[in-house]
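For reference, the chains in residue letters:
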Amino acid sequence: EKKIQGGLSPRPLLSVPHLVSDEASCYYQGYTLAEMSVHQTREYFKNKYGYIVDNPNVGPEITSAYWVHGNSRQFLDLVKDLTGKELSGDAWVDALKESSADKIASEKNEYAEMIEKMKVGGDDSSSDIDLQMEVRFVDGDELIAASSNGGLLEACSEFEKFVAGRVAAAAAAEKEKA
């Protein structure tokens, strides 16, 4: 407590006062179990496929393993059936053991690998993405772009131009002040 807070406090450092109010403690147990399952599930997919983001296998697999069952199956069984392991905190603890510098380095490396993979894989940017919905980019009341006007990729391109214009205008305004 002295090292983190600079002195002693009326309660122990890691105590949360509303945990002791009977019904609230079950929420914290649920949050802890959910966090454990998130880390275990992420570890499973990373070990199986090497990556999660933009992986076309992850969505269908997680849907069939977790979401289609709703509340008809026990939570612990769902996690075990997907990951092949009983729910444990091991993956979460491993994530907590990683230093900030190592985490940043590994995330940058994964990002660079995916960028390269998209280049090598021949990302077909000419075909649009159909999300079966309209995506709208708005700024207050101003509609910047909508996927209904030329597709999602066109809307994203329009939004990029909008942001670039805003950044350039802000930089010009700062330059004028100086």
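Residues numbered from 1 in each chain as written. Predicted model: local features only at pLDDT ≥ 70, side-chain atom pairs only at ≥ 80, totals over all residues. Heavy atoms only, no water.

### Topic: the packing of aromatic side chains
What counts here: Stacked, edge-to-face and tilted labels apply to pairs of Phe, Tyr and Trp rings (six-membered ring for Trp) whose centres lie within 6.5 Å, assigned for plane angles under 30 degrees, over 60, and everything in between, in that order. Numbering of helices and strands starts at the N terminus; helices are DSSP runs of H or I of at least 4 residues and strands are runs of E of at least 2.
Enumeration over the complete set of coordinates arrives at five aromatic pairs. Each ring, one from Phe159 and one from Phe162, has its centre 6.4 Å from the other, and the planes form 20°; the classification is stacked. Here the residue Phe159 and the residue Phe162 both occupy positions in helix H7 (residues 152-177), the gap between them amounting to three residues, near one helical turn. An aromatic cluster is defined as three or more aromatic residues linked by ring pairs; in this entry it consists of Tyr44, Phe45 and Tyr49.

### Quick look at the pairing of strand S2 (residues 142-146)
To keep it simple, the criterion reads: A pair of strands is considered paired only if DSSP assigns at least 2 bridges between the two.
Pairing of strand S1 (residues 136-139) with S2, which is carried by four bridges, proceeds in the antiparallel orientation. Pairing of Phe137 across the sheet is with Ala145, part of S2. Remark: two residues form the turn of the hairpin made by S1 and S2, two consecutive strands paired antiparallel; Gly140 in that turn has positive phi of roughly 65°.

### Focus on the layout of surface pockets
For the record, the criterion: In this analysis a 1.4 Å probe is tested at points of a 1 Å grid over the protein atoms alone, and where it fits but cannot get out there is a cavity; an open set with protein on both sides within 12 Å along at least five of seven lines is a pocket; lining residues have an atom within 4 Å of a point. Grid points are joined across faces, edges and corners, and a volume is the space filled by probe spheres set on the points. Amino acid classes used here: Ala, Val, Leu, Ile, Met, Phe, Trp, Tyr, Cys and Pro are nonpolar; Asp, Glu, Lys and Arg are charged; the rest, including Gly, are polar.
In this structure, the largest pocket spans a volume of roughly 380 Å³. Surrounding the largest pocket, 14 residues form its lining, Tyr51, Val53, Glu110, Tyr111 and Met114 being those nearest its centre. Contributions of two or more residues to the lining of the largest pocket are made by helix H2 (24-49) and helix H6 (100-120). Ranked by the residues each element gives to the lining of the largest pocket, the list is headed by H6, at seven residues. What the second largest pocket holds in volume is close to 290 Å³. What lines the second largest pocket is a set of 13 residues, among which Glu43, Lys46, Ala91, Ala95 and Lys103 lie closest to the centre. Those elements giving two or more residues to the lining of the second largest pocket turn out to be H2, helix H5 (90-97) and H6. Among the elements that line the lining of the second largest pocket, the one with the most residues is H2, at five residues. Along the lines of polarity and charge, the residues of the lining of the second largest pocket split into two nonpolar, three polar and eight charged.

### Considerations on the environment of Lys85
Quick note on the threshold: Per-residue accessibility, obtained with a 1.4 Å probe over protein chains only, is compared with the maximum for each type, and a residue is labelled buried under 20%, exposed over 50%, and partly exposed between these values. The contact criterion used is simple: two residues touch if any of their non-hydrogen atoms lie within 4.5 Å. Polar contacts here mean pairs of N or O atoms no more than 3.5 Å apart (in protein, one a potential hydrogen donor and the other a potential acceptor; neighbouring residues in sequence count only if both atoms are side-chain atoms).
Examined against the element boundaries, Lys85 turns out to sit in the loop between helix H4 (75-83) and H5. You can call Lys85 partly exposed: its relative accessible area is 45%. Taking the C-alpha atoms as reference, Lys85 lies 8.8 Å from Gln40; in sequence the two are 45 residues apart. Among residues more than four places away in sequence, those in contact with Lys85 are Gln40, Glu43, Val79 and Lys80. Separated by 3.4 Å, the side chains of Lys85 and Glu43 make a polar contact.

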